[in-house]
Every structure is written in structure tokens, then in C-alpha cells.
Amino acid sequence: EEELSSVDCDDFYFSETRPCAPGTLGEACVRFWHRNALKPFAVSPPPAMGSSEKLMVRRLLLHDVCHVLLDFRSDWPGQLGVFCFIAAQRYCPEFEWSARRLAQVYTTAAPWQRDDLACAEADARRIALVAPRLLTMPLEREWDTSLVWLKDQLKIRKMRTLRAIPNETRGEAPSSSNGGE
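Residues numbered from 1 in each chain as written. Predicted model: local features only at pLDDT ≥ 70, side-chain atom pairs only at ≥ 80, totals over all residues. Heavy atoms only, no water.

Draft legend 1. Broad picture of the overall build of the chain. Looking only at helices and strands, the chain has eight helices and zero strands in total. When the helices and strands of the chain are read in sequence order from the N terminus, they spell out α-α-α-α-α-α-α-α. By residue count, 45% of the 181 residues in the chain fall in the buried class. Taking all contacts inside the chain whose residues are at least 6 apart in sequence as the whole, residues at least 24 apart take part in 73%. Surface exposure of the chain reaches about 9,600 Å², of which carbon and sulfur atoms provide 55%. (Helix = DSSP H or I, 4+ residues; strand = E, 2+ residues; numbered from the N terminus. Buried < 20%, exposed > 50% of the residue type's maximum accessible area, 1.4 Å probe, protein only. Contact = heavy atoms within 4.5 Å. Areas by Shrake-Rupley, 256 points an atom, 1.4 Å probe, with all protein chains shown as cover.)

Structure (C-alpha cells):
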């Protein structure tokens, strides 16, 4: 609870139209949204929020920012990576539960991505051991901060690069022309 006391959720939103200097967290988030045909997630927080509500709101609002900071794509391994990173930071048992369920669903639905899913989970959990607890940080104030500098300050380093699998962003099975690889 103490960690969240200095973090505000009022008027917390990210704008895809706000001008951003090249190389900043904001510019990287806008590129992520455009590349993936997404818009920033908007939540109207309740008037009076306790710590658990604040944590849930921040989890939703910072999801795409975590993708950018952690270098996880928007595909299934990338989604699992973000969920596992948040879970490994041990905010609450529900985050761990949802990461484990998501891993089961993705592995069942796309067994050809098993290796990439396992790599994403392992990378996310390793990064979470050294990175600060991102949901408790006022990242909304870092929009104009250099992405490289911010990642360095947060001790966020990608462990390995996941191999590319055709059609993975749509969750489709690989075509037979590529032999399942």
C-alpha cells in the first residue's frame, strides 16, 4: 500500500496525438500503438480508490507501456511476457494466477509457439527480478524521457530475442509451406 501512496490515477491517460520527441518513451509507445493498430487504453477510475483498485487500474493503463519498456511484441509470446513480468513482481496472487492461466491457454491454442512462449515467460521473470516494481512508479511522468536512459535506470535488459514465427500475431497455425517453423 505504501508503494502506491505516491502514485496518482486521476487524469492518468496517454495520448497518441501528443507530440513526442524522437527516442522518448512517448514516441516509442505511439509507434507501438500505430504499428499494432491500437489506441491507448483509457479507464475512468472510481472517485475513491483503495490500493487494490489503484493497482488494477495501473495494471490496465500501463500494459502497453510495459510492452515498450520490456521489448515484448504484441503477439501471444509478448502478451505472456508482460503478464509474467507483472506476476513476477509479486503485487498480488491474482496476477500470478492470470499469468499461469494465460500460459496454459496460449500453449494449448498454439502448441507450435511453445518455445517462444517459454522463452517469453523465462525472460520476463528474469527481468522482473532486477527491475523496480513498474506499477508503483509514476511512469506517466516519463513520457518525454529518453527510452534508452529510462530502461537503463530501470535495469531493464532483454535476455534473448524470440524467433519469429509466421502468422503469430494473429494466433494462426503456421502454413504448411514453412514446415511448421
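Draft legend 2. How the structure looks around the packing of aromatic side chains. Tallying each qualifying case throughout the model produces three aromatic pairs. With centroids separated by 6.2 Å and ring planes inclined at 75 degrees, the aromatic side chains of tyrosine 91 and phenylalanine 95 adopt a geometry described as edge-to-face. For the residue pair tyrosine 91 and phenylalanine 95, the accessibility class agrees, reading buried in each case. Geometry around phenylalanine 83 places arginine 59 over its ring, the cationic atom sitting 4.4 Å from the centre. (Phe/Tyr/Trp six-rings, centres within 6.5 Å; stacked < 30°, edge-to-face > 60°. Lys NZ or Arg CZ within 6 Å of the ring centre and 35° of its normal.)

Draft legend 3. Spatial organisation of the packing of helix H2 (residues 25-35) against helix H4 (residues 63-70). The interhelical angle for the contact between H2 and H4, taken along N-to-C directions, is 105 degrees, at an axis separation of 9 Å. It follows from the interaxial angle that H2 and H4 lie roughly perpendicular. Contacts between H2 and H4 involve Leu25, Ala28, Cys29, Phe32 and Trp33 from the former and Asp64, Val65, His67, Val68 and Leu69 from the latter. Tallied by class, the residues present in the contact of H2 with H4 amount to eight nonpolar, one polar and one charged. (Axes fitted to C-alpha atoms, helices over the stretch in contact; angles between N-to-C directions. Parallel < 35°, antiparallel > 145°, perpendicular 65-115°, else oblique. Nonpolar A, V, L, I, M, F, W, Y, C, P; charged D, E, K, R; others polar.)

Draft legend 4. Just the side chain of aspartate 64, in detail. Note that aspartate 64 resides in helix H4. At 2.8 Å, the side chain of aspartate 64 and the side chain of tryptophan 33 are in polar contact. Non-local contacts of aspartate 64, meaning those with residues more than four positions away in its chain, are made with Phe32, Trp33, Leu38 and Lys39. (Polar contact = N/O pair within 3.5 Å; in protein donor to acceptor, adjacent residues only side chain to side chain.)

Draft legend 5. The arrangement of the environment of threonine 136 in detail. You can see threonine 136 is positioned in the loop between helix H7 (114-130) and helix H8 (147-153). Residues threonine 136 and arginine 58 lie 78 residues apart in sequence; the distance between their C-alpha atoms is 8.2 Å.

Draft legend 6. Structural detail: unusual backbone geometry. The phi torsion at arginine 90 lies on the positive side, around 55 degrees, for a residue other than glycine. Counting through the fold element by element, arginine 90 comes out in the loop between helix H5 (76-88) and helix H6 (93-109). Since its relative accessible area comes to 64%, arginine 90 is described here as exposed. Look at lysine 155: it is not a glycine, yet its phi comes out positive at around 60 degrees. A relative accessible area of 47% means that lysine 155 is categorised as partly exposed.

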